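Descriptive analysis of the structure
One letter stands for each residue in the lines below.
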Amino acid sequence: MKEEYENPESKPETGLNGVEVPVATQKECECLLKNMMSAFAVFESVFDETGRFISYRFLYINESYERITGVKNEDVKGKTVQEVWPGTEPEWIKRYGEVAVTGIPQEFELHHGPTKKLYYCKVYNPWENKSRFCVIFEDITGKKGTEELLKKSHEMFEGIVAAVPVGIGVVSDRVIRWMNSYFYEMMGYMPSDLVGKNTRVLYESDEEYLRVGREFYSQIDDRKVKSAETRIVGKNGKIVEVNMSGAVIDPRDISKGVIFAVTNITERRRIENELRERIRQSMLFHKILMDAQKSENLDSLINSVLAMVGMYLNVSRVYIFEYKGAADTVSNTFEWAGAGISAE
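All residue numbers refer to positions counted from 1 along the written sequence of the respective chain. Only residues with pLDDT of 70 or above have their local features reported here, since the model is predicted, and side-chain atom pairs are shown and tallied only from 80 upward, although totals for entire chains, interfaces and linings are computed over all residues. The side-chain quantities take in all heavy atoms of the structure and omit both hydrogens and water.

Pairing within the open sheet is antiparallel, and its five strands lie in the order β4-β3-β7-β6-β5. With partners counted over all chains shown, the strands left at the sheet margins are β4 (53-61) and β5 (106-112), one partner each. Averaged over all pairs of adjacent strands, the angle between strand axes in this sheet comes to 35°, irrespective of strand direction. At least two DSSP bridges between two strands are needed for those strands to be called paired. Think of it this way: any DSSP run of H or I at least four residues long counts as a helix, any run of E at least two long counts as a strand, and we number them from the N terminus. Relative to strand β7 (residues 132-139), strand β6 (residues 117-124) is paired through six bridges, and the arrangement is antiparallel. Across the sheet, the residue bridging to Y124 is C134, located in β7. Inter-axis angles, ranging from 0 to 180 degrees, are taken between N-to-C directions of lines fitted to C-alpha atoms, where helices are fitted over the stretch in contact.

In this structure, strand β8 (residues 167-172) lies alongside strand β9 (residues 175-179), joined through four bridges in antiparallel fashion. Directly across from G169, in β9, lies its bridge partner M179. Hairpin connection of β8 to β9: two residues between the antiparallel strands, including D173 at a positive phi of 55°.

Let's shift gears to unusual backbone geometry. A positive phi angle, near 60°, is found at K116, a position not held by glycine. Under the relative-accessibility criterion, K116 is labelled exposed at 67%. One non-glycine residue, R174, lies in the positive phi region at around 65°. Turning to its location among the elements, R174 is positioned in the loop between β8 and β9. For the exposure calls, accessible area comes from a 1.4 Å probe over protein chains only, and a residue counts as buried if that area is under 20% of its type's maximum, exposed if over 50%, partly exposed in between.

Next up on the list: helix α9 (residues 206-217). A rise of 1.5 Å per residue sets the reference length of α9, with its twelve residues, at 16 Å; its end C-alpha atoms lie 16 Å apart and thus fit the reference within 8%. When α9 is considered as a whole, its buried residues turn out to be E208, Y209, V212, G213 and F216. Looking down the long axis of α9, one finds its buried residues gathered within 140° of arc, a one-sided arrangement. Counted as exposed and oriented over 90 degrees from the buried face of α9: E207 and R214. On the buried face of α9, the contacting elements are β10 (226-233), β11 (239-248) and β12 (258-264). To estimate the expected span of a helix, subtract one from its residue number and multiply by 1.5 Å. Here the arc refers to the set of directions running from the helix axis out to each C-beta atom. In what follows, a contact means two residues having at least one pair of non-hydrogen atoms within 4.5 Å.

Another point: the packing of aromatic side chains. Working definition: a ring pair exists when centres of Phe, Tyr or Trp rings (six-membered ring for Trp) sit within 6.5 Å. Plane angles under 30 degrees give stacked, over 60 give edge-to-face, the rest tilted. Under the definition given, this model contains 19 aromatic pairs. With a centroid separation of 5.8 Å and 75° between ring planes, the pair formed by W92 and Y96 is classed as edge-to-face. In this pair, W92 and Y96 both sit in helix α5 (residues 90-102), four residues apart, roughly one turn of the helix. Of the residues examined, W92 reaches a relative accessible area of 5% and is grouped as buried. One cation-aromatic arrangement involves R95 over F108; the distance from NZ or CZ to the ring centre is 4.6 Å. Over the ring of W127 we find R132; its NZ or CZ atom is 4.4 Å from the centre of that ring. The criterion is that NZ of a Lys, or CZ of an Arg, lies within 6 Å of the ring centre and within 35 degrees of the ring normal, and then a charge sits over that ring.

We now examine the sheet that holds β11. Taken together, five strands build an open sheet; the order of strands is β9-β8-β12-β11-β10 and the sheet is antiparallel. Two strands in the sheet have a free side with no partner beyond their single neighbour: β9 and β10. Taken over all neighbouring pairs, the strand axes of this sheet differ in orientation by 35° on average, direction set aside. Those strands touched by α9 are β8, β10, β11 and β12, and its axis lies near 165° from that of β10. Across the sheet, helix α10 (residues 266-294) lies against β10, β11 and β12, angled at about 120° from β11, the strand it touches most.

Spelled out as structure tokens, the structure:
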């Protein structure tokens, strides 16, 4: 059915540089396009004598386009892109030409050298011919820079986590959410062995699991680092002495979990115990020498030494036997017995 209008002023008119719209909506469309947050443009296709798309000419740009690119509609209208930006990359011509000729819309990210910005573009052709096409785009230069920075930061974090000789993990409600590769290597587990499991699987007993829970979690409601020393069990049953230190990810919501570091202190403990033992031995030898210098009775000195050795070794008896070769027998020449132990 043919559409009729009440008066000549209501007939369709040419607006937006050749785009026909009804008079009743033309101003609304212009207002909408003008106030779009995204940049909007209508371009005219430019072909050479062989019909090949070689450029595009500005027909209309909105205020967002002006703000983002720094050009004005009145200054660029009717000019080709090469006249406005001589250094425009060929890829822009190629992408726009594909949409103008085929009518198939495209979305892409592309850097524009002359404006020194990265754009996210949506290009489409709403007409049934190749003469014009539309573009909507956003300046994503800052966003992309932030994404790249976050990506680099994430890669750096992963590199640090992979290289540091410390087990690192995330636990929520004492359920293991994630561990780094060093922890798995240290304890002999695979991720499938631990992820989603309660940390109880790492402890020797319920008592130790509860003790560490009280010591570690009772005051872990702020950003302060808490620590506890314990023994955890590897997959092969090997016991590893560790120092655990950690802090909540978000003090306002402890359910987001705790990030912690696990340091293997088995070797440190061995060295500490060995050093402690050497100190005890040195003290024992020093005491024996001091008593030897003061003593005037050999039997008394021997009995004193036996007592010191017995207490040092934490045993109930210490003997000195005299071997009688001719009779092939031994006799208990000296003996020390601990408190409450009868001498033999």
